[in-house]
Amino acid sequence: MARTFEQILEAFDALTYEDFDCIRRDSNGIGTLYALTEELMALPQPERAIRPMFELMERLPASDLGSPGPLVHTLEKMEGRYEAELVESIRRKPTPLSVWMVNRILNVTNKPRQREFYLDLLRLVIEHPEASETEQDQAERFIEHQANRKR
């Protein structure tokens, strides 16, 4: 039986670090995320879950949520609808996946104003008080990568 939208959000909220602990035999967080996002995309207006997906990334920043994984793939299917919430998520609490998503956008756009906007967002990560050293280093590497990228 398929879950309702509310049940999917509850399942996102119920996920913990232990669900993504590769040492534990009973952890299957990635499998759960794939199932949840697949069910979500079968529902009307899946974009209602954009913010909760970013909040999950923010709540479990040290967990391996995929590379890029089900959350990123699902959000990117909602092109044109997730970007504003990505910006807000970066401003609240940068995470490895959200920083990576900014770089993925930069990899596919050649519009100068859009590129500068997203590069500024990466620069914000470097100084962000909620960003870990991991996210700060990642942002620096992505800025360097974009500076050296041939367009």
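Residues numbered from 1 in each chain as written. Predicted model: local features only at pLDDT ≥ 70, side-chain atom pairs only at ≥ 80, totals over all residues. Heavy atoms only, no water.

Regarding the side chain of His128
No. 1: Looking at the secondary structure, you find His128 in the loop between helix H7 (112–127) and helix H8 (133–148).
No. 2: In terms of polar contacts, His128 uses its side chain to reach the backbone amide nitrogen of Glu130, at 2.9 Å.
No. 3: The residues touching His128, leaving out its near neighbours within four places in the chain, are Ile90, Arg91, Arg92, Lys93, Pro94 and Gln136. (Helix = DSSP H or I, 4+ residues; strand = E, 2+ residues; numbered from the N terminus. Polar contact = N/O pair within 3.5 Å; in protein donor to acceptor, adjacent residues only side chain to side chain. Contact = heavy atoms within 4.5 Å.)

Structural notes on the packing of helix H5 (residues 83–92) against helix H6 (residues 96–108)
No. 1: At a closest axis distance of 10 Å, the pairing of H5 and H6 adopts a crossing angle of 135°. The pairing of H5 with H6 is recorded here as oblique in orientation. The hand of the H5/H6 crossing is left-handed. Side by side, H5 and H6 meet where Glu83, Leu86, Ser89 and Ile90 of the first sit next to Ser98, Val99, Met101, Val102 and Ile105 of the second.
No. 2: Of the residues contributing to the contact of H5 with H6, the split by class is six nonpolar, two polar and one charged. (Axes fitted to C-alpha atoms, helices over the stretch in contact; angles between N-to-C directions. Parallel < 35°, antiparallel > 145°, perpendicular 65-115°, else oblique. Left-handed = near helix turned anticlockwise from the far one by under 90°. Nonpolar A, V, L, I, M, F, W, Y, C, P; charged D, E, K, R; others polar.)

Some remarks on the pattern of salt bridges
No. 1: Inspection of the entire model under this criterion finds eleven salt bridges.
No. 2: For Arg3, the salt bridge identified is with Glu39, shortest N-O distance 2.8 Å. On the criterion of sequence distance, the pair formed by Arg3 in the segment before helix H1 (5–14) and Glu39 in helix H2 (residues 29–41) is long-range, its members being 36 residues apart.
No. 3: Owing to a relative accessible area of 30%, Arg3 belongs among the partly exposed residues under this scheme.
No. 4: The partner of Glu47 in a salt bridge is Arg81, and the shortest N-O contact between them spans 3.0 Å. In this pair, Glu47 is assigned in the loop between H2 and helix H3 (50–59) and Arg81 in the loop between helix H4 (69–77) and H5, connecting sequence segments 34 residues apart.
No. 5: Owing to a relative accessible area of 27%, Glu47 belongs among the partly exposed residues under this scheme.
No. 6: A relative accessible area of 44% means that Arg81 is categorised as partly exposed.
No. 7: Through salt bridges with shared partners, one network takes in Arg51, Glu55, Glu58, Glu85 and Arg92. (Salt bridge = Lys/Arg side-chain N within 4 Å of Asp/Glu carboxyl O. Buried < 20%, exposed > 50% of the residue type's maximum accessible area, 1.4 Å probe, protein only.)

Points about the side chain of Ser27
No. 1: With respect to the helices and strands, the residue Ser27 is situated in the loop between H1 and H2.
No. 2: Of note is the side chain of Ser27, whose polar atom sits 2.7 Å from the backbone oxygen of Asp21.
No. 3: Within the local environment of Ser27, its side chain forms a polar contact with the backbone oxygen of Arg24, the two atoms lying 3.1 Å apart.

Thoughts on the nonpolar core
No. 1: Membership of the largest hydrophobic core comes to 40 residues, with the highest contact counts inside it found for Phe12 and Leu122.
No. 2: Going through the elements one at a time, H1, H2, H3, H4, H5, H6, H7 and H8 are the ones with two or more residues in this core.
No. 3: Considering each element in turn, this core owes the most residues, six residues, to H6. (Core = buried A, V, L, I, M, F, W, Y, C linked by side-chain atoms within 4.5 Å.)

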